[in-house]
Amino acid sequence: MTGDRSLPTIYNEKENTHRGLKMIYRKQDDFDTFRCIAGKCPESCCEAWQIYMDEESEERYKTVFGSFGERLISSIDWEAGCFLQHGRRCAMLNSENLCDLQISLGEENLCNTCKTFPRHMEEYEDVREYTLDLSCPVAARMIVQRSSPLSFTETEDETYDDPDDYEDFDDLFYDLLCASRDVLLQIARNRSLPLAVRLEAILDVARKLQACYDEDRFFDMDDVIDEASGTNADNAFEEEVPFCDAVKDFSLLRRLEVLHPDWPSTLSRTEAAILADENAWSAAMHPDRQTETAAENVLISYLFTCFCAAVYDGEIFGRARLCVSSVRSVLAITAFLRQENPSEGPMELMARALWKYTREVCHSDENLETIICRT
């Protein structure tokens, strides 16, 4: 990572600060251990999605000659700036699910999208936050198989952003969001509460924060944060989501843009197996310890990645709801997959539910907006 020269230290969420003439880099603790499994991947990232190129790569590809250069030139939509697809597969993906561009020109000549995925970055003024995109089967498996709570490292250097590039960036609001996220992560990790209660508690806190924001009561957000992190906070978190609300939330997935042709079938079979029976739903939301630990880490990942982007759209509650509804949906799909595939390992099934869900929801701006901004 550019500029990341100091030794990593554990990110102290309660003492988080980001101002000063330094760039802060926060990373998922196992970020650097990711390794692509290429042709062995159960669903390649070179399928289904449009792969857009950066301008530098686009110009470089124009200078490739010979037979491969001719193929490369004819495999790109130059007007749109992306690779063409043949049968939902990138034109560079061969029959063994390997990239012919990488084979012919080397990994260093991949476009930035292909070179970095599933490494994901969220950008704020003088802050960069890095996580692994859970739509990748390997990243999904990494998150569900770990036994310890997901944590983050923090480093810094003396580079910083040009303030003119962030004229509209609200420093105060961002700091309040960071403090709010710390509290939501604290709730997410609180294993003295059932996971189902933690999920509803996160929504309750976010709902109060949203009210403060909507009414321009920024400094009242501190009171909400203090109340939620207080020593008696556990006693206030007792409710679980009503079953009718859970059904309504899951049915929203039917309104989303479909990215994979198998997705509607997955939704239908999950609804029939889990959402049509309150007892089956309740069982899915109260899983065994291993599955609950995995779901906790999924929740932490979603919160860390998505929540503070509310600084750009003001959707505090909507972004918290995205995180919570995603965990609930993944648990429901996992429960359905376990019914259909009882001989498979439960964590493999959960990883499959996770990357399938994340691909559908988080790789479409339209889908994200539908979930985050719904009334």
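Residues numbered from 1 in each chain as written. Predicted model: local features only at pLDDT ≥ 70, side-chain atom pairs only at ≥ 80, totals over all residues. Heavy atoms only, no water.

A. Representation of the pairing of strand E9 (residues 152-157) within the structure. Across the six residues of E9, five count as buried, placing the element largely inside the fold. Here strand E2 (residues 23-28) runs beside E9; their pairing, made up of six bridges, is antiparallel. Along E9, the bridge assignment pairs Arg 26 with Glu 154. (Buried < 20%, exposed > 50% of the residue type's maximum accessible area, 1.4 Å probe, protein only. Helix = DSSP H or I, 4+ residues; strand = E, 2+ residues; numbered from the N terminus. Pairing = 2+ DSSP bridges.)

B. Structural view of the pattern of salt bridges. A complete count under the given rule lists 27 salt bridges for this structure. For Asp 220, the salt bridge is made with Arg 217, and the minimal N-O distance between the two is 2.8 Å. Judged by relative accessible area, which is 29%, Arg 217 ranks as partly exposed. Across the salt bridge formed by Asp 288 and Arg 338, the nearest N and O atoms sit 3.5 Å from each other. Residue Asp 288 is found in the loop between helix H12 (278-285) and helix H13 (289-306), and its partner Arg 338 is found in helix H15 (residues 316-340); the two are separated by 50 residues along the sequence. Arg 338 gets classed as partly exposed once you look at its relative accessible area, which sits at 33%. Among the ionic contacts, a cluster of salt bridges with common partners joins Arg 191, Arg 198, Arg 289, Glu 292 and Glu 296. (Salt bridge = Lys/Arg side-chain N within 4 Å of Asp/Glu carboxyl O.)

C. Representation of the packing of aromatic side chains in the model. In total, this model carries twelve aromatic pairs according to the counting rule given. On the basis of an interplanar angle of 35° and a centroid distance of 4.9 Å, the ring pair of Tyr 124 and Tyr 174 is categorised as tilted. Pair noted here: Tyr 124 is in strand E7 (residues 119-124) and Tyr 174 is in helix H6 (residues 171-188), with a separation of 50 residues, a long-range link. Assessed through its relative accessible area of 0%, Tyr 174 is described here as buried. Taken together, the aromatic side chains of Tyr 124, Tyr 166, Phe 169, Tyr 174 and Tyr 312 make up a single cluster linked through ring pairs. (Phe/Tyr/Trp six-rings, centres within 6.5 Å; stacked < 30°, edge-to-face > 60°.)

D. Highlighting the confidence of the model for the protein. Mean pLDDT over the protein works out to 90, with 92% of the residues at or above the 70 mark. Scored below 50 in pLDDT, residues 1-18 makes 48 contacts in the model with residues more than four places away or belonging to other chains. (pLDDT = per-residue confidence, 0-100. Contact = heavy atoms within 4.5 Å.)

E. The arrangement of the environment of Asn 94 in detail. Inspection of the secondary structure puts Asn 94 in the loop between strand E6 (89-90) and helix H3 (100-105). For Asn 94 and Ala 310, which are 216 residues apart along the polypeptide, the C-alpha to C-alpha distance reads 40 Å. Discounting chain neighbours no more than four positions away, the residues touching Asn 94 are Arg 89, Asp 100 and Ile 103. Looking at Asn 94, its side chain comes within polar contact range of the side chain of Asp 100, at 3.0 Å. (Polar contact = N/O pair within 3.5 Å; in protein donor to acceptor, adjacent residues only side chain to side chain.)

F. Up close: helix H8 (residues 220-229). For H8, the set of buried residues is Met 221, Val 224, Ile 225 and Ala 228. All buried residues of H8 project into a common sector of 100° when viewed along the axis, lining one side. Facing away from the buried side of H8 by more than 90 degrees, the exposed set consists of Asp 226 and Glu 227. (Arc of directions from axis to C-beta.)

G. Main features of the packing of helix H7 (residues 195-214) against H8. Packing of H7 against H8 brings their axes to within 9 Å, and their N-to-C directions diverge by 165°. Between H7 and H8, the interaxial angle falls into the category roughly antiparallel. Where H7 crosses over H8, the two elements pack in a sense that is right-handed. Residues Val 205, Lys 208, Leu 209 and Cys 212 of H7 form the contact with H8, whose own contacting residues are Asp 220, Met 221, Val 224, Ile 225, Glu 227 and Ala 228. The class makeup of the residues in the contact of H7 with H8 is seven nonpolar, no polar and three charged. (Axes fitted to C-alpha atoms, helices over the stretch in contact; angles between N-to-C directions. Parallel < 35°, antiparallel > 145°, perpendicular 65-115°, else oblique. Left-handed = near helix turned anticlockwise from the far one by under 90°. Nonpolar A, V, L, I, M, F, W, Y, C, P; charged D, E, K, R; others polar.)

H. Here's a closer look at the packing of H15 against helix H16 (residues 346-362). Contact pair H15 / H16: the axes reach a minimum separation of 8 Å and the direction vectors enclose 135°. On the basis of the axis angle, H15 is oblique to H16. As H15 runs across H16, the sense of the crossing is right-handed. Here Leu 322, Ser 325, Ser 326, Ser 329, Val 330, Leu 331, Ile 333, Thr 334, Leu 337 and Arg 338 of H15 lie close against H16, whose contacting residues are Pro 346, Leu 349, Met 350, Arg 352, Ala 353, Leu 354, Tyr 357 and Val 361.

I. Up close: the environment of Lys 115. Residue position: Lys 115 is located in helix H4 (residues 112-116). Residue classification places Lys 115 among the partly exposed positions, given a relative accessible area of 33%. Taking the C-alpha atoms as reference points, Lys 115 and Gln 102, separated by 13 residues in sequence, lie 9.9 Å from one another. For Lys 115, the residues in contact, after removing those within four places along its chain, are Glu 107, Glu 108 and Leu 110.

J. Geometry of unusual backbone geometry. For the bond from Phe 117 to Pro 118, the omega torsion is 10°, close enough to zero to count as cis. As for its position among the elements, Pro 118 is in the loop between H4 and E7. Residue Ala 38 is not a glycine yet carries a positive backbone phi of 50°. When you line up the elements, Ala 38 lands in the loop between E2 and helix H1 (55-61). The phi torsion at Asp 216 lies on the positive side, around 55°, for a residue other than glycine. Tracing the chain through its elements places Asp 216 in the loop between H7 and H8.

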